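Coordinates in review
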Amino acid sequence: LTANGGTWAADTTNSDAENVAIDTVDGSNGTTGCLSFDVDVSNSANNRATIYNDDLTDENLTDDKDLSTWLLDVKFPDVTEVTSVTFYWGSDDSNYYSVSSTTNYDGGAFTADFLNTVKFAWSGATVTGTPDYTAIDYIRIDINYGAGQTDMTSVKLDNLRLVRPET
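Description of the structure in this document. Keep in mind it's a predicted model, so treat the numbers as computed, not measured.

Turning next to the overall build of the chain. A count of helical and extended segments in the chain gives zero helices and eleven strands. Written out in order from the N terminus, the α and β elements of the chain read β-β-β-β-β-β-β-β-β-β-β. Against the globule reference of 15 Å for 167 residues, the chain gives a C-alpha radius of gyration of 15 Å, in line with a compact fold. Buried positions account for 46% of the 167 residues belonging to the chain.

A word on a negative patch on the surface. Taken together, the side chains of D54, D55, D58, E59, D92, D93 and D132 make up a negatively charged region of the molecular surface. Mapped onto the elements of the fold, D54 is located in the loop between β4 (48-53) and β5 (69-75).

This part takes up the side chain of S15. With respect to the helices, strands and loops of the structure, S15 is situated in the loop between β1 (9-10) and β2 (17-23). A distance of 3.2 Å separates a polar side-chain atom of S15 from the backbone nitrogen of A17. Among the polar contacts listed, one links the side chain of S15 to the backbone nitrogen of T50, at a separation of 3.0 Å.

In the structure shown here, the tally under the stated rule is six salt bridges. A salt bridge links D23 to K156, with the nearest nitrogen and oxygen atoms 2.8 Å apart. A residue pair is termed long-range when its members are at least 10 positions apart, and D23 in strand β2 and K156 in strand β11 (residues 152-163) qualify at 133 residues. By relative accessible area, which is 14% here, D23 ends up buried. K156 gets classed as buried once you look at its relative accessible area, which sits at 12%. In this structure, D73 engages R161 in a salt bridge whose closest nitrogen and oxygen atoms are separated by 3.4 Å. With D73 in strand β5 and R161 in strand β11, the pair connects residues that are 88 residues apart, well separated along the chain. The class for R161 is partly exposed, based on a relative accessible area of 23%. Taken together, the salt bridges that share partners define one network made up of R48, R140 and D142.

Criteria and cut-off values
- Residues numbered from 1 in each chain as written.
- Predicted model: local features only at pLDDT ≥ 70, side-chain atom pairs only at ≥ 80, totals over all residues.
- Heavy atoms only, no water.
- Helix = DSSP H or I, 4+ residues; strand = E, 2+ residues; numbered from the N terminus.
- Rg over C-alpha atoms; globule rule 2.2 N^0.38 Å.
- Buried < 20%, exposed > 50% of the residue type's maximum accessible area, 1.4 Å probe, protein only.
- Patch = residues over 30% accessible without salt bridge, like charges linked within 9 Å, V, L, I, M, F, W, Y side chains within 5 Å.
- Areas by Shrake-Rupley, 256 points an atom, 1.4 Å probe, with all protein chains shown as cover.
- Salt bridge = Lys/Arg side-chain N within 4 Å of Asp/Glu carboxyl O.
- Lys, Arg positive; Asp, Glu negative; His and termini not counted.
- Charge placed at Lys NZ, Arg CZ, Asp CG, Glu CD.
- Polar contact = N/O pair within 3.5 Å; in protein donor to acceptor, adjacent residues only side chain to side chain.

Pasting the structure below:
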C-alpha cells in the first residue's frame, strides 16, 4: 500500500470504494500480491469506485510523454454492469491526464474473475489543468458502472506499467 512513496486509499466520499488492502494471494505477472478493494454501492450516488495515491515519489516521464501506453491488470468479481475503467496520472488532483477504456487490451469485453489487461494510451489523453510530466506523483483509478451494479468484494489491481508500443 505504501511502495514508491504515498499510500493507496479509497475515495469513500465521492465513490463506492472501500477497504483498500494488499492481497497476498492473487497477483499477475508471476507475482504474489496486488491491490484489492471492495465496492459498496450505497456509499455514493456516483456509480464509480475510486482508489488513488496522491503522494508517490516524483517520476520524470519526459521520454514517455505522448509516446507510451499505461497497462493495468484488473480482476473484476462481476462485470455485468461495469462500463469502463478510467486512469488518471499527473502532478496532483487538479493537474492530470486521463483516459477511459471500455475493453481489455485486445479490444474484447471485460471478463469476470479473470485478469483483464486494460490499456490507456498517453497520446490523445484528456488534459486537465497543467500537469507537470517531469514530476508525476498522482495516480487515480476509477471503476465505472451502471446504476444496477451490486456490491463487489475484492476488485483487484496489479502490474501497473508504462510501455512504449512498437511502431
